[in-house]
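Topology and contacts: notes
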Amino acid sequence: MSITEYQQKLRERYLAAPVMRAPEPWQPVLDRRTPIGGLLGIGFAVHPDSGHDLVMVVSNDGHGLFDAATGEKIARDRDPDLDTSTPDASPDLSCPGFGPIAGSRVHIAGLFGGGLHSTTPDAWTLDVVHPDWPHGRVILSVDGGAHEGPPGGTWWHVLHSRYSEFRAACFSPSGLTLAVATSSDLTLWVRPGLHFGG
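In this report, the structure presented in the accompanying data block is examined. Each chain carries its own residue numbering, running from 1 in the direction its sequence is written. Local features in this predicted model are restricted to residues whose pLDDT is 70 or higher, and side-chain atom pairs enter the listing and the counts only when it is 80 or higher, whereas totals over whole chains, interfaces and linings include all residues. Only heavy atoms go into the side-chain values, all of them from the structure, while hydrogens and water stay out.

1. Some words on the environment of His47
With respect to the element layout, His47 can be found in the loop between β3 (39–46) and β4 (53–59). Along the chain, His47 and Asp67 lie 20 residues apart, while their C-alpha atoms are 8.2 Å from each other. The residues contacting His47, other than those within four sequence positions of it, are His52, Leu54, Ile74 and Pro100. For this analysis, a polar contact is any N or O atom pair within 3.5 Å, provided that within protein one partner can donate a hydrogen and the other can accept it, and provided that sequence-adjacent residues contribute only side-chain to side-chain pairs. A polar contact is formed between the side chain of His47 and the backbone nitrogen of Asp49, at a distance of 3.0 Å. Strands are runs of DSSP state E lasting at least two residues, helices are runs of H or I lasting at least four, and both sets are numbered from the N terminus onward. Two residues qualify as a contact provided that any one of their heavy atoms is within 4.5 Å of a heavy atom in the partner residue.

Below, the structure is given as structure tokens:
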């Protein structure tokens, strides 16, 4: 199957784009990725007390719950119920919450499929491209996903998963957290608030 000239130019654009820092107001939560071996998928919840975005991680070693604002692990379930430990056990690809979100269900995106937010209310967009399959490149943009012009203008190549298998890239429902999961780690960015241009 051949690709069109347009597709070839897009592929070359993505291959040439260096990994760069996410633009303001996005800030990395930690200086490095949070290692999580055997990561299968991630989902979002809201802390019932602080209102912070929480990231639930489903892995081969159980479930973890992270405060997205700090990257701190706030709860761990090393031995979840085998009948509900992975999202494929549920038609809506969710897992039961635990710790401060016990009694709720969390939609999980990752190895078993599923999809979470790829846009924010104030028009940030996330795309994952694979010009050198199977390695995923996460593109953050403010141009509606057009990725026109050079990187660093309206679009940024913020993560390249050449070192392990890509799992998911998504925004929290609040639009204040950006999470990228691979089979070996979790990377988070946060921002203080939504901004609507005008």
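There's plenty left to go through after this.
2. What about the nonpolar core?
Here, nonpolar core means buried Ala, Val, Leu, Ile, Met, Phe, Trp, Tyr and Cys residues that are tied together by side-chain atoms lying within 4.5 Å of each other. Only protein chains enter the accessibility calculation, which uses a 1.4 Å probe. A residue is then buried if its area is under 20% of the maximum for its type, exposed if over 50%, and partly exposed in between. By size, the foremost hydrophobic cluster in this structure holds 17 residues, and its most contacted members are Ile42, Val55, Val57 and Leu186. Secondary structure elements with two or more residues in this core: β3, β4, β13 (166–171), β14 (177–182) and β15 (185–190). Counting 14 residues, the second largest nonpolar core, distinct from the first, contains Trp124, Leu140, Leu159 and Ala169.

3. Re the sheet that holds strand β11 (residues 135–141)
In sheet architecture, strand pairing relies on hydrogen bonds along the backbone and comes in two forms, parallel and antiparallel. The strand order β10-β11-β12 describes an open sheet built from 3 strands, whose pairing is antiparallel. The open sheet is flanked by β10 (125–132) and β12 (155–160), the only strands paired with a single partner. Going across the sheet, the axis of each strand differs from the next one's by a mean of 30°, ignoring polarity. In this description, a line fitted to the C-alpha atoms serves as the axis of each element, helices being fitted only across the stretch in contact, and the angle between N-to-C directions of two axes falls anywhere from 0 to 180 degrees. Along the sheet, helix α1 (residues 5–16) makes contact with β10, β11 and β12, crossing β10 at roughly 100°. The pairing criterion is simple: DSSP has to find at least two bridges between the two strands.

4. Looking at the sheet that holds strand β9 (residues 109–110)
Pairing in this open sheet of 5 strands is antiparallel, and the strands run β6-β5-β4-β3-β9 from one edge to the other. Of all the strands in the sheet, just β6 (73–77) and β9 have a single pairing partner and so form its edges. Strand direction decides the pairing type here: strand β5 (residues 62–67) and β6, joined by 4 bridges, are antiparallel. By the bridge assignment for β6, His63 is matched with Asp77.

5. Some words on the environment of Gly64
For Gly64, the position within the fold is in strand β5. Among the residues examined, Gly64 registers a relative accessible area of 5% and is labelled buried. Those residues in contact with Gly64, other than ones at most four positions away along the chain, are Val55, Met56, Val57, Ala75, Arg76 and Phe98.

6. Topic: the packing of aromatic side chains
Planes of paired rings set the category: under 30 degrees apart is stacked, over 60 is edge-to-face and the rest tilted, where pairs are Phe, Tyr or Trp rings (Trp by its six-membered ring) whose centres lie within 6.5 Å. According to the stated counting rule, one finds 4 aromatic pairs in the structure shown. Geometrically, the ring pair formed by Trp26 and Trp124 is edge-to-face, given 5.9 Å between the ring centres and 85° between the ring planes. You can see Trp26 sitting in the loop between α1 and β1 (27–28) and its partner Trp124 sitting in the loop between β9 and β10, a full 98 residues away along the chain. Residue classification places Trp26 among the buried positions, given a relative accessible area of 1%. On the basis of an interplanar angle of 45° and a centroid distance of 6.0 Å, the ring pair of Trp124 and Trp156 is categorised as tilted.

7. Here's the deal with the state of the cysteines
What counts as a disulfide here is a pair of cysteine sulfur atoms lying within 2.5 Å. Evaluated as defined, the whole model comprises 0 disulfides. With no disulfide of its own, Cys95 lies 14 Å from the sulfur of Cys170, the closest cysteine sulfur. On the basis of relative accessibility, which here comes to 0%, the residue Cys95 falls in the buried class. Accessibility expressed as a relative area gives 1% for Cys170, which makes it buried.

8. Re the pattern of salt bridges
The salt bridge criterion pairs a side-chain nitrogen of Lys or Arg with a carboxyl oxygen of Asp or Glu, the two atoms within 4 Å. This model, assessed by the stated rule, comprises 4 salt bridges. In this structure, Asp122 and Arg191 form a salt bridge, with 2.8 Å as the shortest nitrogen-oxygen distance. Pair noted here: Asp122 is in the loop between β9 and β10 and Arg191 is in the segment after β15, with a separation of 69 residues, a long-range link. For Asp122, a relative accessible area of 11% corresponds to the buried category. Take Arg191: its relative accessible area is 5%, and that puts it in the buried class. Between Asp132 and Arg137 there is a salt bridge; the shortest N-O distance is 3.3 Å. Since its relative accessible area comes to 22%, Asp132 is described here as partly exposed.

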